[in-house]
Amino acid sequence: MPPNDDAALLIARTTPDDDVLARLHRRLEDAAQDQGLLDVAYTEVDTPVGRLLLAATDVGLVRVAYEREGFEEVLTKLATGIGPRVLRAPARLEPAARQIEEYFAGRRISFDVALDRRLSHGFRGLVQRHLPDIAYGHTETYREVAVHVGNPGAVRAVGSACATNPLPVVVPCHRVLRADGSLGGYVGGPAAKATLLQLERAA
């Protein structure tokens, strides 16, 4: 039987609306942050290359992921590799989200948010640390990157390092191309890589 008017009114009064839920969630975020109970905070942002997941520890931005990578899978790996206390907490990501918005609007050519590089290791980490040295609007080949990091023969390993970059867009692996000028691989897909390069050429 459908609820009568009194029952419907009771349900309306006792069911939290979106504003109430948002306030409760923000209180949870604040409490977790204040008490040091948050291993990884995350949020999602819409961009011209699709929706991105941003995740940060108390050290800095630790992960940027494309939707094609599977946000749930990415969060599960972060929970396993960094810590299980993972919470949607946009406040911690506000500076990164703002800078990404400015980048796509053509108002920013580099990022200055703190980075947590714990997901970058060994030779891959060496390559990934070099990537921000490739200037906005410029590119290098995989071979040129290999030379810059002191291992000219490691062209394939450079490609692997770019493909596994945990911080795409912010750490610009999209600026690395094949020797013939073609795009090469990219975690966000070739269309996303082309869009990023065109954005930088047009600025």
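Residues numbered from 1 in each chain as written. Predicted model: local features only at pLDDT ≥ 70, side-chain atom pairs only at ≥ 80, totals over all residues. Heavy atoms only, no water.

Engineer: Tell me what's going on with the overall build of the protein, and back it up with residues and numbers.
Structural biologist: Each helix and strand in the protein was counted, giving 8 helices and 6 strands. In the protein, the order of α-helices and β-strands from amino to carboxyl end is α-α-β-β-β-α-β-α-α-β-α-α-β-α. Looking at the protein residue by residue over its 203 residues, the buried ones come to 43%. Considering only contacts within the protein whose residues lie at least 6 apart along the sequence, 60% involve residues at least 24 apart. In the structure as shown, the protein presents an accessible area of about 11200 Å², 52% of it carried by carbon and sulfur atoms. (Helix = DSSP H or I, 4+ residues; strand = E, 2+ residues; numbered from the N terminus. Buried < 20%, exposed > 50% of the residue type's maximum accessible area, 1.4 Å probe, protein only. Contact = heavy atoms within 4.5 Å. Areas by Shrake-Rupley, 256 points an atom, 1.4 Å probe, with all protein chains shown as cover.)

Engineer: Tell me what's going on with unusual backbone geometry, and back it up with residues and numbers.
Structural biologist: Here V169, not a glycine, exhibits a phi torsion of approximately 75°, which is positive. Relative accessible area serves as the criterion here: at 1%, V169 is assigned to the buried category.

Engineer: Which residues make up the packing of helix 5 (residues 122-130) against helix 7 (residues 155-163), and what values do they have?
Structural biologist: Axis angle and axis distance: for two packed helices, these are the angle between their axes and the distance between the axes, and together they describe the pair. As a packed pair, helix 5 and helix 7 sit with axes 9 Å apart at the nearest point and diverge in direction by 75°. Between helix 5 and helix 7, the interaxial angle falls into the category roughly perpendicular. Contact residues: helix 5 offers F123, R124, V127 and Q128, while helix 7 offers A157, V158, S160 and A161. When the residues that make up the contact of helix 5 with helix 7 are grouped by side-chain class, the tally is 5 nonpolar, 2 polar and 1 charged. (Axes fitted to C-alpha atoms, helices over the stretch in contact; angles between N-to-C directions. Parallel < 35°, antiparallel > 145°, perpendicular 65-115°, else oblique. Nonpolar A, V, L, I, M, F, W, Y, C, P; charged D, E, K, R; others polar.)

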